[in-house]
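Observations on the model geometry
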Amino acid sequence: MFNRTLRRLSAMNSIVFLLIFVIFGTVIYGYVSYRLFDKVDEAMRFRAYNFKIAGGRLAPPVRNRALFDPRIFTLLQDDQGRLVRVFRNEEVDVEHLADLVSHLPPGQIQTRELENHAYRVISIPYRYDETVLETEQGSIDVRNVIAVSVVDSEYDSLRNLLIIIVGGLVIGMLSIILAGYSLARRAMVPIQESWERQQQFVADASHELRTPLAVINSNAELMLRHPSHTVEEESIRVTNIVREVRRMTKLVADLLTLARSDANQSEIKLGLVNLNELIEMIAGQFMPLAEMEGLTLRAATGDRLELTADRERLHQLLVILLDNAIKYTPPPGEIVITGNKQGNSLIVTVEDSGQGIAAEDLPRVFDRFYRGDKVRSREKGGSGLGLSIAKWIVEQHDGKIGVESRPGGGTKFSIVLPVKKLP
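Since the model is a prediction, treat every value here as computed from it, not as a measurement.

Focus: helix α4 (residues 275-292)
If you check α4, its first and last C-alpha atoms are 26 Å apart, about what 18 residues at 1.5 Å a residue would give, namely 26 Å. Taking the largest bend as the criterion, α4 deviates by roughly 35°, centred on Phe 286, and proline Pro 288 comes between one and four positions later. Buried-residue contacts for α4 involve β9 (271-274), β10 (295-301), β11 (306-309), α5 (311-327), β12 (333-342) and β13 (345-352). Taking the backbone nitrogen of Asn 276 as reference, a side-chain oxygen 3.1 Å away marks Asn 274 as the first, capping residue of α4. Looking one or two residues beyond α4, the residue adopting positive phi is Gly 294, at roughly 75°.

Below, the structure written as structure tokens:
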């Protein structure tokens, strides 16, 4: 699937680059063509429009340099299509040019080739009342005034430019294809990584849900085998089902949180938060649990710590870290949560004297469903999603979270949160 998508994306990128190149070359060619022929066309129009007959002769022309351009000559055409030249000094073979000026649309300038020469030609209908002109060839009833210019140099320049553009396009095709393929590969990297993470996420979620479902199913089947038993007699199995349902409920809630975060649908409700009060409150809630596990939990905060944040999300963050610390700290152990201000940031640490984390596991502790000791994690009811959610919460507050640990030497999570003000 990815190879097919890569080929399609490469083709699309190459086509886009090719179109850009063609459009750019067309614009350059059109602009150069316009600039080359602009002055010539203007002079031709001026000469054709200013031709006038007075008393059977050519009226004195308006003084303009266009009238003296040696490359432009003027022809007259009567209603029968015969051609005569206007000026004696114009060495023009009229019969030779008859095919050149045939079937000219009025008012439109065209480029025509004749015997290895390029000409610009325009035919303007004669617009004055007196139409009969006396010439050496006799009288002619003028119907059209035709201006012709030799444009060999301009035509050769345009032809050379076209060869350069086409040649550049042909040579550049390989570069365009390579560039399109390279951009497609770079674009596919995050897509492939996202797809692999999603596949892994689904596989891990299925694996995590399979165990509680199996426990619930087996306990329910055992209860069905003894329909006459009382609730008290089946209390162990009921307890197992309730425990696994709670575990599944928490797992589904965590999965929903991560799914919403991936879709940018989780809203952060900012408000002024007193971090001292929040730390002390959560520490007070966990102290009885720590005592039951034979642990010592204490909180230490410095000056008044206030920031703009989502109180509920910070509460969830600290609960995740303290819950992990209690789970993985054997008695007698100590857990310390601290809060201090450093410049424009607040530093929160959760440190324990627990079993620690292996060095090879440290880079992946924030990955979804990753657990260094899978057996002990499962026994403790962990799913490997807590730290992923913690990292997401910190990043939503533009903060940073890090971990320091060594096996048997405890673990320390450090959170840096910027102090923001409400707008």
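Digging into empty space enclosed by the protein
One pass over the full model with this rule turns up two cavities of 30 Å³ or more. In this model, the second largest cavity occupies a volume close to 40 Å³. Lining of the second largest cavity is provided by Leu 275, Leu 314, Leu 317, Leu 318, Val 348, Ile 415 and Leu 417. Elements that contribute at least two residues to the lining of the second largest cavity include exactly α5 and β15 (411-418). Per-class residue counts for the lining of the second largest cavity are seven nonpolar, no polar and no charged.

Examining the nonpolar core
Judged by nonpolar contacts, the single largest core of 45 residues is most densely connected at Leu 275, Leu 307, Leu 314, Leu 317, Leu 322 and Ile 415. In terms of residues, this core owes the most to one element, α5, which gives eight residues. Of all hydrophobic cores here, the second largest spans 22 residues; its members include Ala 48, Leu 76, Val 84 and Ile 109.

Focus: the pairing of strand β8 (residues 138-150)
Every regular strand shows the same layout, with side chains that alternate between the two sheet faces. When strand β3 (residues 72-78) meets β8, the two strands line up antiparallel, connected through seven bridges. Paired with Ile 72 across the two strands is Ser 149, which belongs to β8. For strand β6 (residues 117-125) and β8, the ladder comprises seven bridges, and the chain directions are antiparallel. Counterpart to Val 121 in the pairing with β8 is Val 148.

Quick word on the sheet that holds β15
One open sheet accounts for five strands, arranged β10-β12-β13-β15-β14; its pairing is mixed. Edge positions in the open sheet fall to β10 and β14 (400-405), since each of these has one partner strand only. Recorded for the sheet is a direction-independent mean angle of 10° between the axes of neighbouring strands. Sheet strands touched by α4: β10, β12 and β13. Its angle to β10, the strand with the most contacts, is close to 175°.

Considering the pattern of salt bridges
According to the stated counting rule, one finds 10 salt bridges in the structure shown. Of the charged contacts in the structure, one is a salt bridge between Arg 311 and Glu 277, with a shortest N-O distance of 3.8 Å. With Arg 311 in helix α5 and Glu 277 in helix α4, this pair connects stretches of sequence that are 34 residues apart. For Arg 311, a relative accessible area of 29% translates into the label partly exposed. One salt bridge in this structure joins Arg 304 and Glu 306, with 2.7 Å as the shortest N-O distance.

A short note on the packing of α4 against α5
Each pair of packed helices can be summarised by the angle the axes make with each other and by the distance between the axes. Relative to each other, α4 and α5 sit at 35°, their axes nearing to 10 Å. The hand of the α4/α5 crossing is right-handed. Along its contact with α4, which presents Leu 275, Glu 277, Leu 278, Ile 279, Met 281, Ile 282, Gln 285, Phe 286, Leu 289 and Ala 290, the element α5 presents Arg 311, Leu 314, His 315, Leu 318, Val 319, Leu 322, Asp 323 and Ile 326. Class assignment of the residues belonging to the contact of α4 with α5 gives a composition of 13 nonpolar, two polar and three charged.

Looking at the packing of aromatic side chains
Inspection of every chain in the model, using the stated rule, returns three aromatic pairs. Between the aromatic rings of Phe 366 and Phe 413, the centroid separation amounts to 6.2 Å while the plane-to-plane angle is 80°, which identifies the pairing as edge-to-face. With a gap of 47 residues between them, Phe 366 in the loop between β13 and α6 (374-379) and Phe 413 in strand β15 connect regions that are remote in the sequence. Residue classification places Phe 366 among the buried residues on the basis of a relative accessible area of 16%. A residue is classified by how much of its surface remains accessible, and Phe 413, at 7% relative accessible area, is buried. Here Lys 52 stacks its cationic end above the ring of Tyr 128, 5.1 Å away from the centre of that ring.

A closer look at a nonpolar patch on the surface
The grouping of Ile 15, Leu 19, Ile 23 and Val 27 at the surface amounts to a nonpolar patch, some 390 Å² of accessible area in total. Relative to the helices and strands, Ile 15 resides in helix α1 (residues 2-49).

Thoughts on the pairing of β15
The pairing of β13 with β15 spans eight bridges and is antiparallel. When the bridges of β15 are listed, Ile 347 appears paired with Val 416. Sheet topology note: the β14/β15 ladder contains six bridges and is antiparallel. Residue Ser 405 lies in a different strand from β15, and its bridge partner there is Thr 411.

Each value, and the rule that gives it
- Residues numbered from 1 in each chain as written.
- Predicted model: local features only at pLDDT ≥ 70, side-chain atom pairs only at ≥ 80, totals over all residues.
- Heavy atoms only, no water.
- Helix = DSSP H or I, 4+ residues; strand = E, 2+ residues; numbered from the N terminus.
- Expected span 1.5 Å × (residues − 1).
- Bend = angle between axes of the 7 residues up to and from the residue.
- Contact = heavy atoms within 4.5 Å.
- Polar contact = N/O pair within 3.5 Å; in protein donor to acceptor, adjacent residues only side chain to side chain.
- 1 Å grid on protein atoms, 1.4 Å probe; cavity = no way out; pocket = protein on both sides within 12 Å on 5 of 7 lines; lining within 4 Å.
- Points joined across faces, edges and corners; volume = space filled by probe spheres on them.
- Nonpolar A, V, L, I, M, F, W, Y, C, P; charged D, E, K, R; others polar.
- Core = buried A, V, L, I, M, F, W, Y, C linked by side-chain atoms within 4.5 Å.
- Buried < 20%, exposed > 50% of the residue type's maximum accessible area, 1.4 Å probe, protein only.
- Pairing = 2+ DSSP bridges.
- Axes fitted to C-alpha atoms, helices over the stretch in contact; angles between N-to-C directions.
- Salt bridge = Lys/Arg side-chain N within 4 Å of Asp/Glu carboxyl O.
- Left-handed = near helix turned anticlockwise from the far one by under 90°.
- Phe/Tyr/Trp six-rings, centres within 6.5 Å; stacked < 30°, edge-to-face > 60°.
- Lys NZ or Arg CZ within 6 Å of the ring centre and 35° of its normal.
- Patch = residues over 30% accessible without salt bridge, like charges linked within 9 Å, V, L, I, M, F, W, Y side chains within 5 Å.
- Areas by Shrake-Rupley, 256 points an atom, 1.4 Å probe, with all protein chains shown as cover.

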